[in-house]
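Single-letter residue listing:
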Amino acid sequence: MDRFDRVGRLAAYGAALAMTPYTLIKVSWVVGAVAGLLPIGEGFGLAGWVVLNVVTICMAAIGIVMALALVRPWGMRIPGPLVAFVAWVGTGFLVPILPYALLDSLLGLSSSGRGHQDGDGAAMPGWEAALIQISFVGMGLGLALALPAYLRRRWPDAFTGRVSERHEGSTRRVMWAVGAGAMIGAVWLYWAFGGTAGVEHPADQHAGERLLTGIWGLWALIASVATWVVSRGRPARLARWIPLTLGWLGTGSLFTWSGWKLPVTLYVALAHPAGVSLPDNLALAAALYAAAVVTSAVMLSALVREVGRA
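Residues numbered from 1 in each chain as written. Predicted model: local features only at pLDDT ≥ 70, side-chain atom pairs only at ≥ 80, totals over all residues. Heavy atoms only, no water.

## Side note on the overall build of the chain
When helices and strands are counted, the chain shows 9 helices and 0 strands. Going residue by residue from the N terminus, the α and β elements of the chain occur as α-α-α-α-α-α-α-α-α. When each of the 310 residues of the chain is scored for burial, the buried share is 44%. Looking at the chain as shown, the accessible area adds up to about 15000 Å², and 70% of this sits on carbon and sulfur atoms. (Helix = DSSP H or I, 4+ residues; strand = E, 2+ residues; numbered from the N terminus. Buried < 20%, exposed > 50% of the residue type's maximum accessible area, 1.4 Å probe, protein only. Areas by Shrake-Rupley, 256 points an atom, 1.4 Å probe, with all protein chains shown as cover.)

Take a look at the structure:
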C-alpha cells in the first residue's frame, strides 16, 4: 500500500464521518416537524417537508455507504457500473461546489440579508449551518481523494496513457452534446455575471446564488471541453487521466444539480407554493435543466467508452 492509497483510505473514512452530522440534523428536522416541536420550511406543508427531508436523509445515507465502499473490501465486490454511477452522482453533487463553499465561508454571500438557510429554504441556527457546511465540505474533500485511489485499485489501466493512443473517433450525437453543454454553461455564466435576459425577477438574485450559478456554468464548460478532447483525441500528448477526471466531475455536476433543480423548478411552476418564488423564468430554467441532464448523460457515455478501451 503506497502513500496515495493510504491517504485515499483515510479520506474515505473521513468522508463518511463528515456526512454524519448532516444526516442527524435532517433526522431531527423530520422528527421535530412530525412531533410539532420544530417549524416547517417556508412554502412547505408537513407532508412535503417530511418527504423532502427523508429524500435528503436517504441521499446522505447512500453517500456514507458509498464512502465506506471505497475503502472496505466488500466495496470491490459491488458491480462496477453501480459503484461508478453512485460515485458519479456523489462527486457531481459535492466536489464541484467546494470553491463555492470556500468563497461563501470567507465572504458570507449566502447569508447576506437573509440569515442562515439550507438548500430547502429552512431557517436554522448558526451552529446547524456550520455543521451542514462541514458535512458537505468534508464529504466533498474526502471523495476527491478517496475515489481516485479506489479507481486505481479496481481499474489500474483505465487512466494511463495519452488521449490519442486509444482514440476511435466521435459520433455526431456526442458533438451535439458537447455544443449543448457549452451553450448551457455560457447561459449560466451570463446570469452569474449579472445578465438579466431570461430572468424574470433580477432583484431577487443574491450574490451567493449568482456565484453558485457561475460555478455550475464553469463546470458545464469544463465538461464540454474535456469530452471534446477525449472524443477528438487531441492534444495528443495530454495525459489521458486529466480530461477523463475533469469530464467526470463536469458531467456529474451537470447531471446531479440539474436533476435536483428540475423537479424543484417544476414544483414552483405548477404548484405556486405560497411565499416561494424563483428569480428565473421558470419555463426557460426547466428547459435548461432538462437539457443539461440529457447532455451530461450523452457526454458521460463518451467518457465511459474511452475508459472501456483500456
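Past the structure itself, the notes keep going.
## Looking at the pattern of salt bridges
This model, assessed by the stated rule, comprises 2 salt bridges. With its nearest N and O atoms 2.9 Å apart, the salt bridge here joins aspartate 5 to arginine 9. Highlighted residues: aspartate 5 and arginine 9, both in helix α1 (residues 3-35), separated by 4 residues, approximately one helical turn. On the basis of relative accessibility, which here comes to 7%, the residue aspartate 5 falls in the buried class. Put simply, arginine 153 and aspartate 5 hold a salt bridge, and the shortest N to O gap is 2.6 Å. Taken together, the residues arginine 153 in helix α5 (residues 126-154) and aspartate 5 in helix α1 connect sequence positions 148 residues apart. Beyond isolated ion pairs, a larger network of salt bridges with shared partners links Asp5, Arg9 and Arg153. (Salt bridge = Lys/Arg side-chain N within 4 Å of Asp/Glu carboxyl O.)

## Overview of the packing of aromatic side chains
What the rule picks out here adds up to 10 aromatic pairs. Considering the side-chain rings of phenylalanine 93 and tryptophan 260, the 6.5 Å spacing of their centres and the 80 degrees angle between planes classify their relative orientation as edge-to-face. Here tryptophan 260 lies in helix α8 (residues 241-271) and phenylalanine 93 lies in helix α3 (residues 80-94), a separation of 167 residues in the sequence. Judged by its relative accessible area of 15%, phenylalanine 93 is buried. Cluster of aromatic residues (ring-pair linked, three or more members): Phe93, Trp188, Trp216, Trp257, Trp260 and Tyr289. (Phe/Tyr/Trp six-rings, centres within 6.5 Å; stacked < 30°, edge-to-face > 60°.)

## Topic: the nonpolar core
Within soluble globular proteins, side chains that are nonpolar tend to cluster in buried spots. Core analysis: the largest hydrophobic core is formed by 60 residues, its most contacted members being Leu70, Trp188 and Trp216. The residues contacting tryptophan 216, other than those within four sequence positions of it, are Ile97, Trp188, Ser253, Trp257, Lys261 and Tyr289. (Core = buried A, V, L, I, M, F, W, Y, C linked by side-chain atoms within 4.5 Å. Contact = heavy atoms within 4.5 Å.)

## Some points on empty space enclosed by the protein
With the rule as written, the count across this model stands at 2 cavities of 30 Å³ or more. Computed from the structure, the second largest cavity encloses a volume of approximately 40 Å³. In terms of lining, the second largest cavity is formed by Trp188, Trp216, Ser253, Leu254, Trp257, Ser258 and Tyr289. Sort the elements by how many residues they give to the lining of the second largest cavity and α8 lands first, with 4 residues. (1 Å grid on protein atoms, 1.4 Å probe; cavity = no way out; pocket = protein on both sides within 12 Å on 5 of 7 lines; lining within 4 Å. Points joined across faces, edges and corners; volume = space filled by probe spheres on them.)

## What to know about the side chain of threonine 227
Considering the arrangement of structural elements, one finds threonine 227 in helix α7 (residues 207-232). At a separation of 2.7 Å, a polar atom in the side chain of threonine 227 contacts the main-chain carbonyl oxygen of alanine 223. (Polar contact = N/O pair within 3.5 Å; in protein donor to acceptor, adjacent residues only side chain to side chain.)

## Some points on the packing of helix α6 (residues 172-192) against α7
Two elements in contact, α6 and α7, have axes whose closest approach is 7 Å; the angle formed by their N-to-C orientations is 160 degrees. Considering the angle they form, α6 stands roughly antiparallel to α7. For the pair α6 and α7, the crossing hand works out as left-handed. In the contact of α6 with α7, the residues fall into 14 nonpolar, 8 polar and 2 charged. (Axes fitted to C-alpha atoms, helices over the stretch in contact; angles between N-to-C directions. Parallel < 35°, antiparallel > 145°, perpendicular 65-115°, else oblique. Left-handed = near helix turned anticlockwise from the far one by under 90°. Nonpolar A, V, L, I, M, F, W, Y, C, P; charged D, E, K, R; others polar.)

## Overview of the packing of α1 against helix α2 (residues 46-69)
Orientation of α1 relative to α2, taken along the N-to-C sense of each, is 165 degrees, at an axis distance of 9 Å. In terms of orientation, α1 and α2 fall into the roughly antiparallel class. The hand of the α1/α2 crossing is left-handed. In terms of residue class, the contact of α1 with α2 is made up of 20 nonpolar, 4 polar and 1 charged.

## A closer look at α7
Each full turn of the α-helix corresponds to 3.6 residues, which orients residues three or four apart in the same direction. Counted at 1.5 Å a residue, the expected span for α7 with its 26 residues is 38 Å, and the 37 Å between its end C-alpha atoms agrees. Positive phi appears at glycine 233, one or two residues downstream of α7, with a value of about 75 degrees. (Expected span 1.5 Å × (residues − 1).)

## Some remarks on the confidence of the model for the chain
Overall, the predicted model of the chain reaches an average pLDDT of 84, with 89% of residues at or above 70. Averaged over each element, pLDDT in the chain is lowest for helix α4 (residues 98-107) (76) and highest for α6 (93). For residues 112-116, every residue scores under 50 in pLDDT, and the model assigns this stretch 10 contacts once sequence neighbours within four places are set aside. (pLDDT = per-residue confidence, 0-100.)

## Some details on α3
The end-to-end C-alpha distance of α3 is 21 Å, a good match for the 21 Å that 15 residues give at a rise of 1.5 Å each. Every buried residue of α3 is listed here: Gly80, Val83, Ala87, Trp88, Val89, Gly90, Thr91, Gly92, Phe93 and Leu94.

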